[in-house]
Each structure stands twice: as structure tokens, then as C-alpha cells.
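Understanding the architecture of this molecule
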Amino acid sequence: MPTLPLDYIKEIQDIFGADTESYQQLMTQPPYKGLCVNRLKAQPETLLPQLPFATEKSPFYRDGFYITGNTDGIGKHPCHQAGAFYVQEPSATSAVTLLNVQSGDTVLDLCAAPGGKSAQIASCLHGTGLLWSNEIVRNRAQILLSNFERMGAREGVVSSCYPETLCERLGGFFDKVLVDAPCSGEGMFRKNPEAITEWSREHVKACAERQLSILQSAAKAVKVGGTLVYSTCTFSREENEGVIQAFLSAHPDFEAVPIQEPFGRSTGVPCGVRITPMEGGEGHFAAKLRRITAEEECFPAMFQMPSKPDKKMPEILAALSDILTVIPQERLYLMNDKVFFLPQQYPDSTGLGVIRAGVFAGEVKKNRFEPSHALFMATPPSQCRRVLSLSVGDTRVGDFLQGLEIDCDTENGYTAVTVEGYMLGFGKCSGGRLKNKYPKGLRQ
């Protein structure tokens, strides 16, 4: 690991005090590793015994766990590919705990890529409300979308939009807003030593200015009584307490919410918590704010479904009925031969860089409907007409993930493929063989 910059050591001495030496000793140790269970697809008591590594409960999130065993190849494990869990550094999960997401909430994850916190939020929503996940960098937004679909989020939107544009248009719409802001990454030093070489006082200052700008934009999207959580993976007071103090000074319409959680250490603001390696995390800061007033109430226009169904819709519904047992017809939307199940609470998104709204169900090709991988990943196996159930030890699992044809004992037609009961994808069964539809970009 590269040597820590002297300017940085001086800063952490001011922050950590007597714990500075302990911190420097811990920096020579391997980083913490963890995962979150996705309750849209799995329950911890069922999933964890199925995994080939040991886990231990994390204090930072209800469904967060340390990985204490060998994690080689964890990203290729079938249960990970099925979206039953998401790999995430343990202390990074604390921000969503502070957000306190409840069923039915409308939630904005403003700086969402690669998607770990969005996965947590979707799990907490239990398929209700709305999760809007935004990432300004387009190629990172595509990674966000891939993870979003793997986790099986149905009531969600993925966009790539400037925060000020998005939050201005959706002013006062969200119950909960999370700003996991880009930062100097001091909490990533053990995991990514290259971050040490990129650290400088100038970079910290630039990050703080950008973070305050993003937070001020995010504030517009919070409804009165709603919660705004700001988080970083850095220790810097300038990027953490400094940003929060500057924001509260300029925003009397927000109040600080004292932290009640039992993890982490206190900070220079009562609404903040700092987690360090000494508390069992790589490094995270989070602060909780509440909107108490608004100059005027904002009510964004909602998306309007077409008054008349497309003439292709009967054939699409017939095809879907052969695949699924439950079809929310009232949210079925056709655009340029692409079929979607739109979210129930979907504001007008014109000009907001939406990449995907709801579930991409498939598309019409040569007058016939072809389902998508995303449709199956967002559907419980119990709602599929045909299911090929495999165990982790079945050699067909590896073959399926490589895109190969496999033996299939279901009746002919589009068939869901599960591993240990978790949705893995689909294929088309014909004559005892499954023509593989696993996406080429995901194949192992």
C-alpha cells in the first residue's frame, strides 16, 4: 500500500485523536467485506446457509453481513447472479439505515451508481412505492441499470440527469432522498490503494464544493416532513461536517435530526455519524436532515397512460398470459414496439434522461412478442407458467450461465430458470432442450 500523505495524517490526527495509531495499524490489514440480502428475492435465514463462505451479522443494516470466509469468485456465484444478494462494504450500508425507508415511500437515490444503496432501498420497499435511481455519468448509469434489473426492482426508474434539473422538475415529490456524494474516498484506501495517490487538499476542497451543490439541488426534491440523508465514504471534516453546516446555514427549511443508531462515533454535527475501521467499517459518514417548511407546495405532473390501447396489445397480452400468471394490465405500456410495466407512481419524466422506467417486459419482433431477461428477473418464480428448478450443484447451472443449451423437462414454451428457488433467467423449451436466452453481456 502507498504511504499515506503527511497532510492526510495531520487531518486524521485531528479527527481520530488517540485512535490515530490504531487506524494506521489497521491500514496494514485486509479490508472488511460484506453483503446485503435482497428481500425482494431471498430471506437471510434461507440464503446464508446456501452460500459457500461464512458470514457474520453487521451492525450497520438489518440485512447486512460481514463475509468472513474466502470470497474468490463471489460475483460469479449463481445466487449473486440471481440477485439474491449484493456485495457491499459493511459501513456503506449505514446511510440507508438512517434513511429509514418504509413500504410505500417515494425515494430518490440521486448519485446511485453502481447501485448498492439502491438495492438496499428496493429491498426495504418490498415492491411498493417508487425508487428513482439517478446517475449523471451515462456509462455508470448503464451499470446501475444492470444491477437494478438483477435485483428485480419493479417499482423503479433509472435515469442519467443533472441533479439540479431532476430535482427542480420533481420538486417536493419524494418522501426520502439519499445523496451518496462523490468524495475524496479516504474510506476506500484499504480497498483501493490507488485512491491514496489521488488524494490532495485541493481535491478535498473541490469535492466539498461539488457536494454542497448537489445537496442543495437534492433539497428541492424533498417533500415537507420528508428525510434527506447525505453520505460520503471519506473522513474529511470539510467534506462532511463542513458541508452539512454550510447547508443548514443556508436552509432554514431543514432541521438536523439527531442520530439514534447504536453504530459509529459522534461527529461535529449532532445529525451525523462517522464510521471508521475501529468501528468495523472501511470508512463512512452520514447525516440525517428533515424538511420542515416549504415556500410553496410542488406537485409534479404524473405520467398519463394512453387513453386507447395499441392495436398490438391483445397479441401481447396473449403472449404474456402464456408466460405469467399475474399481469398488471393497467400498467402495460407499448413504445416503439418495446413493452414495459410502468411504475404505479410515475411522474412525467420528459427531458429527465430516463433510461428505464418500471420493467422492460420485452419487444414485438415480426408481429410476435419476445420476453426480456428483465421481465423474468423481476417476476417471482411462483408467477411463471413454466419453471426449470435447479440446485447449485447441478452442472446445468454453469452451462446456463455460459449461454449454452441445457436439458429441460418442462412443457414447450418460454421457461423460467431458477437456482435454489432464485430467478436466474429464462430460455425457450422445445423437445426437452432449453434454448438459452441468458444475455450475452452477462455470460460467464
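Structure first, text after, so check above.
In this report, the structure presented in the accompanying data block is examined. Not measured: the values here are computed from a predicted model.

Details of the overall build of the chain
- In terms of regular secondary structure, the chain is built from 14 helices and 22 strands.
- On C-alpha atoms alone, the chain measures out to a radius of gyration of 23 Å, which is about the 22 Å that the 2.2 N^0.38 rule sets for 444 residues.
- On the principal axes, the C-alpha backbone points of the chain span a range of 70 × 55 × 35 Å.
- Burial statistics for the chain: of 444 residues in total, 56% are counted as buried.
- Long-range pairs, those at least 24 residues apart, make up 70% of the contacts in the chain with a sequence separation of at least 6.
- With the model as given, the accessible surface of the chain reaches about 18900 Å², and the carbon-plus-sulfur share is 49%.

Quick notes on the side chain of Lys288
- Structurally, the position occupied by Lys288 is in strand β12 (residues 284-291).
- Only 3.1 Å separates the side chain of Lys288 from the backbone oxygen of Leu98, close enough to count as a polar contact.
- Sequence-distant contacts of Lys288, defined by excluding residues within four places in its chain, comprise Leu98, Asn100, Thr227, Leu228, Val229, Glu255, Ala256, Val257, Ile259 and Cys271.

As for the packing of aromatic side chains
- Applying the stated criterion across every chain, the model contains 17 aromatic pairs.
- A centroid spacing of 6.5 Å and a plane angle of 65° characterise the contact between Tyr8 and Tyr23, whose relative ring orientation is edge-to-face. One end of the pair, Tyr8, is in helix α1 (residues 6-16); the other, Tyr23, is in helix α2 (residues 20-26), and 15 residues separate them in sequence. For the pair formed by Tyr8 and Tyr23, the shared burial category is buried.
- An aromatic cluster of at least three residues, connected via ring pairs, comprises Tyr8, Phe16, Tyr23, Phe189, Trp199 and Phe235.
- A cation sits over an aromatic face here: Lys57 above Phe65, 5.4 Å from the ring centre.

Concerning unusual backbone geometry
- Each neighbour pair has its own omega, and for Ala113 with Pro114 the value is 5°, a cis peptide bond.
- Here Pro114 lies in the loop between β5 (106-109) and α6 (116-125).
- Phi at Asp337 takes a positive value of approximately 70°, unusual for a residue other than glycine.
- Within the secondary structure, Asp337 sits in the loop between β13 (332-335) and β14 (338-341).
- Residue classification places Asp337 among the partly exposed positions, given a relative accessible area of 27%.

Considering a nonpolar patch on the surface
- Taken together, Ile136, Val137 and Tyr162 make up a surface patch of nonpolar side chains, about 280 Å² in accessible area.
- With respect to the helices and strands, Ile136 occurs in the loop between β6 (130-134) and α7 (138-150).

Topic: the packing of helix α10 (residues 201-219) against helix α11 (residues 241-250)
- At a closest axis distance of 10 Å, the pairing of α10 and α11 adopts a crossing angle of 40°. For the element pair α10 / α11, the angle class is oblique. Relative to α11, the crossing made by α10 is right-handed. Packed against α10, whose contacting residues are Ala208, Gln211, Leu212, Leu215, Gln216 and Ala219, the element α11 presents Val243, Ile244, Ala246 and Phe247 at the interface.

Digging into the nonpolar core
- The biggest cluster of nonpolar side chains holds 40 residues, and the ones touching the most others in it are Leu108, Leu110, Trp132, Val177, Val179, Leu228 and Ile244.
- Among the secondary structure elements, those contributing two or more residues to this core are β6, α8 (163-169), β8 (174-180), α10, β9 (222-232), α11 and β12.
- For this core, the leading source of residues is α10, giving five residues.
- Listed in part, the 31 residues of the second largest apolar core include Ala95, Leu99, Val273 and Ala286.

Details of the sheet that holds strand β19 (residues 406-407)
- The strand order β18-β20-β21-β22-β19 describes an open sheet built from five strands, whose pairing is mixed. Single-partner strands in this sheet number two, and they are β18 (387-390) and β19.

Section: the pattern of salt bridges
- Under the counting rule described, the total for this entry stands at 27 salt bridges.
- Residue Glu11 pairs with Arg201 through a salt bridge whose shortest N-O separation is 2.6 Å. With a gap of 190 residues between them, Glu11 in helix α1 and Arg201 in helix α10 connect regions that are remote in the sequence.
- For Arg140, the salt bridge is made with Glu135, and the minimal N-O distance between the two is 3.6 Å.

Observations concerning the environment of Gly64
- Tracing the chain through its elements places Gly64 in strand β3 (residues 64-67).
- As a C-alpha pair, Gly64 and Val417 span 353 residues in sequence and 27 Å in three-dimensional space.
- Those residues in contact with Gly64, other than ones at most four positions away along the chain, are Leu35, Cys36, Lys57 and Ser58.

Let's talk about the pairing of β18
- Burial of β18 is one-sided: the residues Leu388 and Leu390 facing one way are buried, the residues Val387 and Ser389 facing the other way are not.
- Two elements, β18 and strand β20 (residues 413-419), share four bridges in a ladder whose sense is parallel. By the bridge assignment for β20, Leu390 is matched with Val419.

The rules behind these values
Residues numbered from 1 in each chain as written. Predicted model: local features only at pLDDT ≥ 70, side-chain atom pairs only at ≥ 80, totals over all residues. Heavy atoms only, no water. Helix = DSSP H or I, 4+ residues; strand = E, 2+ residues; numbered from the N terminus. Rg over C-alpha atoms; globule rule 2.2 N^0.38 Å. Buried < 20%, exposed > 50% of the residue type's maximum accessible area, 1.4 Å probe, protein only. Contact = heavy atoms within 4.5 Å. Areas by Shrake-Rupley, 256 points an atom, 1.4 Å probe, with all protein chains shown as cover. Polar contact = N/O pair within 3.5 Å; in protein donor to acceptor, adjacent residues only side chain to side chain. Phe/Tyr/Trp six-rings, centres within 6.5 Å; stacked < 30°, edge-to-face > 60°. Lys NZ or Arg CZ within 6 Å of the ring centre and 35° of its normal. Patch = residues over 30% accessible without salt bridge, like charges linked within 9 Å, V, L, I, M, F, W, Y side chains within 5 Å. Salt bridge = Lys/Arg side-chain N within 4 Å of Asp/Glu carboxyl O. Axes fitted to C-alpha atoms, helices over the stretch in contact; angles between N-to-C directions. Parallel < 35°, antiparallel > 145°, perpendicular 65-115°, else oblique. Left-handed = near helix turned anticlockwise from the far one by under 90°. Core = buried A, V, L, I, M, F, W, Y, C linked by side-chain atoms within 4.5 Å. Pairing = 2+ DSSP bridges.

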